[in-house]
Amino acid sequence: NGDGIADGACDCDGNVEDCAGVCGGSSEEDECGVCNGGGADEGFDCAGNCVDASACGFADLTFGAVTDSSVEILYSSNFDLGGFQFNTSGAELTGASSSLDAQFSSATGIVLGFSMSGASLEAGSGSLAVLEFASTNDGGVLDVSNVVLTSSAAVTLASSGPGSVAFDGCYETDCAGTCYGDSVE
């Protein structure tokens, strides 16, 4: 005349099956719903997406279009970009432009970009900046180094590139040998 096994229980002692199907077992699901799982890796969600810029945020830089007097720097990032800074050498900077209000120093070769209004570049890929430099007769190599990229929340991201890129000499000189000069005989 006993009551039998209670609803939801797996034995007469009232134990229930754990996530591994063991009656009275101690296995539990992690926050990702995996039985005896270790949970999401630090900085990632259960789908493997980076959610913490300080743990797994990155931005890679590459060169885009190159002319005898300009170069485009492209980015690929898993977080919105809020700012950048890098050093250049190998060419005399004459200008820098970006959606993040770029500034430059021709004396030091430092390029800096950020927005006072809080604008940012969307995660994904796009154009970080366009650098302009003085044309030379022989061309040269522009080096971009000491890159620092930050998220829109001002977290420094791991970054790589872009390195160095060769540029051609000017295709037109005047009679004095000046690139795109206006001297005439």
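In this report, the structure presented in the accompanying data block is examined. Model, not experiment: these values are computed from the prediction. Think of each chain on its own: its residues are numbered from 1, step by step along the sequence as written. Selection of residues for local features in this predicted model requires a pLDDT of at least 70, selection of side-chain atom pairs for listing and counting requires 80 or more, and totals for whole chains, interfaces and linings are taken over all residues. To obtain the side-chain values, all non-hydrogen atoms of the structure were included, while hydrogens and water were left out.

Quick word on the overall build of the protein
For the protein, the helix and strand inventory stands at one helix and ten strands. Going residue by residue from the N terminus, the α and β elements of the protein occur as α-β-β-β-β-β-β-β-β-β-β. Expected size for 185 residues packed as a compact globule is a radius of gyration near 16 Å; at 29 Å, the protein overshoots this value by more than 25%. Think of it in three bands: residues with accessible area under 20% of the maximum for their type are buried, residues over 50% are exposed, and the middle band is partly exposed, with areas taken using a 1.4 Å probe on protein chains only. Burial statistics for the protein: of 185 residues in total, 29% are counted as buried. By the convention used here, residues are in contact when the closest approach between their heavy atoms is within 4.5 Å. Look at the contacts in the protein between residues 6 or more apart in sequence, and 54% of them connect residues 24 or more apart. Computed with a 1.4 Å probe, the accessible areas rest on the Shrake-Rupley method; for each residue, only the protein chains presented here act as cover. Accessible surface, the protein as shown: approximately 10,500 Å² in total, 45% of it carbon and sulfur. Runs of H or I in DSSP of at least four residues are treated as helices and runs of E of at least two as strands, each being numbered from the N terminus. What the globule rule says is 2.2 Å times the number of residues to the power 0.38, and the radius of gyration is computed from C-alpha atoms.

Quick word on the pairing of strand E2 (residues 70–77)
Should DSSP find at least two bridges between two strands, the strands are taken to pair. Across six bridges, strand E1 (residues 58–66) lies against E2 in antiparallel orientation. In the sheet register, Thr 62 faces E2, and the bridge partner there is Leu 74. A loop of three residues connects E1 with E2, the two strands running antiparallel in sequence. Judged from the eight bridges that link them, E2 and strand E7 (residues 124–133) form a sheet pairing that is antiparallel. If you follow Glu 72 over to E7, its bridge partner there is Val 130.

Some remarks on unusual backbone geometry
Glycine aside, negative phi is the norm for most residues, and most peptide bonds take the trans geometry. Here Gly 161 and Pro 162 are connected by a cis peptide whose omega angle stands at -5 degrees. Note that Pro 162 resides in the loop between strand E9 (156–160) and strand E10 (163–167). For Asn 36, which is not a glycine, the phi torsion comes out positive at approximately 60 degrees.

These figures come from the coordinates and say nothing about function on their own.
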